[in-house]
Amino acid sequence: MSSIEQTLSIIKPDAVERNLSEEIKEIFKKNNFKIIKEKKIKIEKNEAEKFYQVHQSKPFYNDLCSYLSSGPIVVMVLERENAVSENRKIMGATDPKNAEEGTLRKKYGISIDKNSVHGSDSSENAKIEINFFFKD
Ligand code: IDP
Ligand code: MG
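The rules behind the values
Residues numbered from 1 in each chain as written. Chains lettered and ligands numbered in written order. Predicted model: local features only at pLDDT ≥ 70, side-chain atom pairs only at ≥ 80, totals over all residues. Heavy atoms only, no water. Phe/Tyr/Trp six-rings, centres within 6.5 Å; stacked < 30°, edge-to-face > 60°. Buried < 20%, exposed > 50% of the residue type's maximum accessible area, 1.4 Å probe, protein only. Lys NZ or Arg CZ within 6 Å of the ring centre and 35° of its normal. Helix = DSSP H or I, 4+ residues; strand = E, 2+ residues; numbered from the N terminus. Polar contact = N/O pair within 3.5 Å; in protein donor to acceptor, adjacent residues only side chain to side chain. Contact = heavy atoms within 4.5 Å. Pairing = 2+ DSSP bridges. Axes fitted to C-alpha atoms, helices over the stretch in contact; angles between N-to-C directions. Salt bridge = Lys/Arg side-chain N within 4 Å of Asp/Glu carboxyl O.

Undergrad: Would you take a moment to explain the packing of aromatic side chains for this structure?
TA: The description of two aromatic rings rests on the distance between their centres and on the angle between their planes. This structure, assessed with the given rule, holds 5 aromatic pairs. Ring centres of F28 and F33 lie 5.7 Å apart, and the angle between their planes is 80°; this geometry places the pair in the edge-to-face category. Note on F33: relative accessible area 4%, which makes it buried. Judged by centre distance (4.9 Å) and plane angle (75°), the rings of F132 and F133 are edge-to-face. Judged by relative accessible area, which is 6%, F133 ranks as buried. What links up through ring pairs into an aromatic cluster is the set F51, Y52, F132 and F133. If you follow R80 out to its NZ or CZ, it ends over the ring of F33, 5.5 Å from the centre.

Undergrad: Honestly, the side chain of S120 in this entry has me stumped. Any pointers?
TA: Following the sequence through the fold, S120 ends up in the loop between β4 (117-119) and α7 (123-133). S120 sits in the buried class, given a relative accessible area of 0%. Side chain to side chain, S120 and E129 meet in a polar contact 2.7 Å long. The contact partners of S120, leaving out residues within four places of it in the chain, are T7, L8, V84, R88, N125, A126 and E129.

Undergrad: For this particular structure, what's the right way to read the sheet that holds strand β2 (residues 34-41)?
TA: For sheets, the rule is that strands pair by backbone hydrogen bonds, running either parallel or antiparallel. Pairing in this open sheet of 4 strands is antiparallel, and the strands run β2-β3-β1-β4 from one edge to the other. Lying at the two open borders of the sheet, with one neighbouring strand each, are β2 and β4. If you compare each strand with its neighbour and ignore which way they point, the axes differ by 20° on average. Pairing of β2 with strand β3 (residues 73-81) involves 7 bridges; the strand directions are antiparallel.

Undergrad: It is not clear to me how the pattern of salt bridges should be interpreted in this structure. Could you clarify?
TA: Two side chains with opposite charge may pair up if their charged atoms get near one another. Scanning the model with the defined rule gives 6 salt bridges in all. Note that E22 and K25 form a salt bridge whose closest N and O atoms lie 3.0 Å from each other. Residue E22 and its partner K25 are both found in helix α2 (residues 21-30); the two are separated by 3 residues, about one turn of the helix. Here K25 falls in the buried class, since its relative accessible area comes to 7%. For E38, the salt bridge is made with K25, and the minimal N-O distance between the two is 2.8 Å. One end of the pair, E38, is in strand β2; the other, K25, is in helix α2, with 13 residues separating them in the sequence. For E38, a relative accessible area of 41% puts it in the partly exposed group. Three or more residues are tied together by salt bridges with common partners; here these are E22, K25 and E38.

Worth remembering: the numbers are spatial, not functional.
Written out as structure tokens, the structure is:
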């Protein structure tokens, strides 16, 4: 079964800094995603801490939050059939070393922390994450 769904995507500071945003957006569009909302922002560390709250007990939490707030990011609402799982497929594994050929993290990721993109991991979290960045 398939259904139209939305997911949250973030182009992380390492990719924005290398001017990869347009190239990454084109890859989403080629893969039948519609970019419904989009903004380039810089967030404060306390906002990153809130966004990554689920990881607060992890040893990398502090570095992760410092990193996400270290420079501009591009936040997008992406829409297509099965957007959450299709986006995760295009992104590839968390660690670029383990990401499949052709995935965004394989192509652009530098390391497990500087892995270029974020994508929601479930439909439920997608709603929460979209609301986090785009409440209106
Ligand atoms: P995901 O981004 O593939 O969903 P998560 O496990 O949700 O991966 O982790 C969130 C982010 O935290 C990752 O994208 C990555 O940047 C960072 N991260 C995950 N595991 C590690 C680690 O072992 N060391 C450093 N950073 C990590
Ligand atoms: Mg995750």
